[in-house]
Amino acid sequence: MVIFGGTISEGSECITLKKNANKFKKAEDFKGTKIGCFRMETGHMVMKGWLREQGLDVDKDVKWVYLDSAASEVEAVRKGEVDMCFVNSGYGYVAQQAGDVAVAFQAGDYVKNFPCCRMTTSRKDVDEKASALVKFMIANLRAYEVIQNDKDTAIKCLADYSGQSKEYVKNVIYGTDSYDAAMIIDPDPCTKAVSDFYETMKLNGDIDKDTQYDIKDYMDTAIYENALQVLMEREPDNELWSNLYKSFEEKNK
C-alpha cells in the first residue's frame, strides 16, 4: 500500500454531556476520565499522544473504552458509562441535535493539522499507472477549487451525491454559527504529519513499536506534485495552485 494524497486533516470531535462541555481544558482535567473510542476514528489516538506529552500516564490516569460504532459511543456518554467520546467530523453535528450532548472540543484544538483520511493505492499501480493517478489527482484538485470558491455548487453537488440535506452538508463542510466544522479539506499527502502520526501510533501501542516497517517507504509525493505542476502550467495566473505548491513544500520536504 502507498499513501499518495490526502482528503481530510483533523476532523475529530469530542462529545460530552452538555453540562460537561466546558469541563476539559487542560491535560489534568482528563485525569480519571473514561473515554469512549471507535477504532475507525483517529482523534482518540492523537489525544492519547497529546496527553502523554503533557505528562499523564495514559495507561493508568485515563481509561479507554473501545466500542463498536460512533452511535454506541454517544449512547455511552448519555448513559454515563463514559465521560466523553471521540467521533468523526459530522457525527457531532448529528448527535447534538438531541440537545443533551455537545461538542466539547475538537482534537485539532490540541494537535493541529493531524492527518485523517488518506488516498492509497498499491505500489504496482503507482509504478504502472502513474499518469492515470495524476489525472485523478487533477480532478480532485478541481473539486477542491470548487469547494473553496463556489460554496453553493459544492453544497448542491455533495448533497445530491450523498443523499444528505443541504443543511447537513453546509454545517459539516463549511460550518455555521451553531456548528464549527472540524474537518480541514486538504488533498496534500502531508507526509511529515503522517510520519508523526505513525510514531504516535507506535508509542500508543496501536501498532507494534518495534515494527519492521518504516512509513516513509510507503508514501509517494510525486503524483500530487505532478498534478499541481500541470495545473500551474495550464493556469499560471491562478494563485490557488501556486499557494498549494508552497504549502506542499512545507508539508512534505
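Just so you know, these numbers come straight off a predicted model, no measurement behind them.

*Asks:* Explain the packing of helix α9 (residues 222-234) against helix α10 (residues 239-252) to me, using residue names and the numbers behind them.
*Replies:* Orientation of α9 relative to α10, taken along the N-to-C sense of each, is 155°, at an axis distance of 9 Å. By the angle between their directions, the pair α9 and α10 is classed as roughly antiparallel. Where α9 crosses over α10, the handedness of that crossing is left-handed. Residues Tyr224, Glu225, Leu228, Gln229, Leu231 and Met232 of α9 form the contact with α10, whose own contacting residues are Trp241, Ser242, Leu244, Tyr245 and Phe248. Partitioned by chemical class, the residues of the contact of α9 with α10 number eight nonpolar, two polar and one charged.

*Asks:* Now, about α9: what can you tell me, with residues and values included?
*Replies:* An ideal rise of 1.5 Å per residue puts 18 Å on 13 residues; α9 measures up with 18 Å between its terminal C-alpha atoms. Considered for burial, the residues of α9 that qualify are Ile223, Tyr224, Glu225, Ala227, Leu228 and Leu231. Next to the buried residues of α9 lie β1 (2-6), α4 (123-128), α5 (130-149) and α10.

*Asks:* Tell me about the environment of Ala132, and please be specific about residues and values.
*Replies:* In this fold, Ala132 is placed in helix α5. Separated by 67 residues in sequence, Ala132 and Val65 place their C-alpha atoms 42 Å apart.

*Asks:* Requested: an account of unusual backbone geometry, with residues and values cited.
*Replies:* Outside of glycine, negative phi angles account for most residues, and trans bonds account for most peptide bonds. Positive phi values are uncommon outside glycine, yet Glu10 reaches one of about 60°. Along the chain, Glu10 falls in strand β2 (residues 8-10). Given the relative accessible area of 7%, Glu10 is considered buried. A positive phi angle, near 50°, is found at Cys190, a position not held by glycine. Relative to the elements of secondary structure, Cys190 occurs in the loop between β9 (183-185) and α8 (191-204).

*Asks:* For the pairing of strand β4 (residues 34-38), give the residues involved together with the corresponding values.
*Replies:* Here β4 lies mainly inside the structure; four of its five residues are buried. Judged from the two bridges that link them, β4 and strand β6 (residues 84-88) form a sheet pairing that is parallel. Looking at β6, one finds that Gly36 is bridged to Cys85.

*Asks:* For the sheet that holds strand β5 (residues 63-67), give the residues involved together with the corresponding values.
*Replies:* The pairing of strands in a sheet happens through backbone hydrogen bonds and is either parallel or antiparallel. Taken in spatial order, the five strands make up an open sheet running β5-β4-β6-β3-β7, and their pairing is mixed. Lying at the two open borders of the sheet, with one neighbouring strand each, are β5 and β7 (101-106). Neighbour-to-neighbour, the strand axes of the sheet open up by a mean angle of 35°, direction not taken into account. Across five bridges, β4 lies against β5 in parallel orientation. Counterpart to Ile35 in the pairing with β5 is Trp64. Along the sheet, helix α1 (residues 43-53) contacts β3 (12-17), β4, β5, β6 and β7; its crossing angle with β5, the most-contacted strand, is approximately 170°. Packing of helix α2 (residues 70-79) onto the sheet brings it into contact with β3, β4, β5, β6 and β7, and relative to β6 it is tilted by some 155°.

*Asks:* Can you break down the pattern of salt bridges residue by residue, with the values?
*Replies:* Under the counting rule described, the total for this entry stands at 12 salt bridges. A salt bridge links Lys26 to Asp29, with the shortest nitrogen-to-oxygen separation between them at 3.2 Å. Given the relative accessible area of 21%, Asp29 is considered partly exposed. Its salt-bridge partner being Lys129, residue Asp125 comes within 3.7 Å of it at the nearest N-O pair.

*Asks:* Explain the nonpolar core residue by residue, including any values.
*Replies:* Membership of the largest hydrophobic core comes to 24 residues, with the highest contact counts inside it found for Phe30, Ile35, Met47, Leu51 and Phe105. No other element matches α1, which puts five residues into this core. Non-local contacts of Ile35, meaning those with residues more than four positions away in its chain, are made with Phe30, Val62, Lys63, Trp64, Val65, Val82, Met84 and Phe86. Listed in part, the 20 residues of the second largest apolar core include Val2, Leu133, Met137 and Trp241.

*Asks:* Please set out the pairing of β1 residue by residue, giving values where relevant.
*Replies:* Residues in a regular strand point their side chains to alternate faces of the sheet. In terms of burial, β1 is a largely internal element, five of the five residues being buried. In terms of strand pairing, β1 meets strand β8 (residues 118-121) through four bridges, oriented antiparallel. Within β8, the position partnered with Val2 by the bridge is Thr121.

*Asks:* So what's going on with the environment of Glu10? Residues and values would help.
*Replies:* Measuring from C-alpha to C-alpha, the distance between Glu10 and Tyr224 comes to 20 Å, with 214 residues separating the pair along the chain. Apart from the residues within four sequence positions on either side, Glu10 is in contact with Gly108, Val111, Lys112, Asn113, Phe114, Cys116, Ala182 and Ile184. Engagement of the side chain of Glu10 in a polar contact is seen with the backbone nitrogen of Asn113, the distance being 2.8 Å.

Rules and cut-offs
- Residues numbered from 1 in each chain as written.
- Predicted model: local features only at pLDDT ≥ 70, side-chain atom pairs only at ≥ 80, totals over all residues.
- Heavy atoms only, no water.
- Axes fitted to C-alpha atoms, helices over the stretch in contact; angles between N-to-C directions.
- Helix = DSSP H or I, 4+ residues; strand = E, 2+ residues; numbered from the N terminus.
- Parallel < 35°, antiparallel > 145°, perpendicular 65-115°, else oblique.
- Left-handed = near helix turned anticlockwise from the far one by under 90°.
- Contact = heavy atoms within 4.5 Å.
- Nonpolar A, V, L, I, M, F, W, Y, C, P; charged D, E, K, R; others polar.
- Expected span 1.5 Å × (residues − 1).
- Buried < 20%, exposed > 50% of the residue type's maximum accessible area, 1.4 Å probe, protein only.
- Pairing = 2+ DSSP bridges.
- Salt bridge = Lys/Arg side-chain N within 4 Å of Asp/Glu carboxyl O.
- Core = buried A, V, L, I, M, F, W, Y, C linked by side-chain atoms within 4.5 Å.
- Polar contact = N/O pair within 3.5 Å; in protein donor to acceptor, adjacent residues only side chain to side chain.

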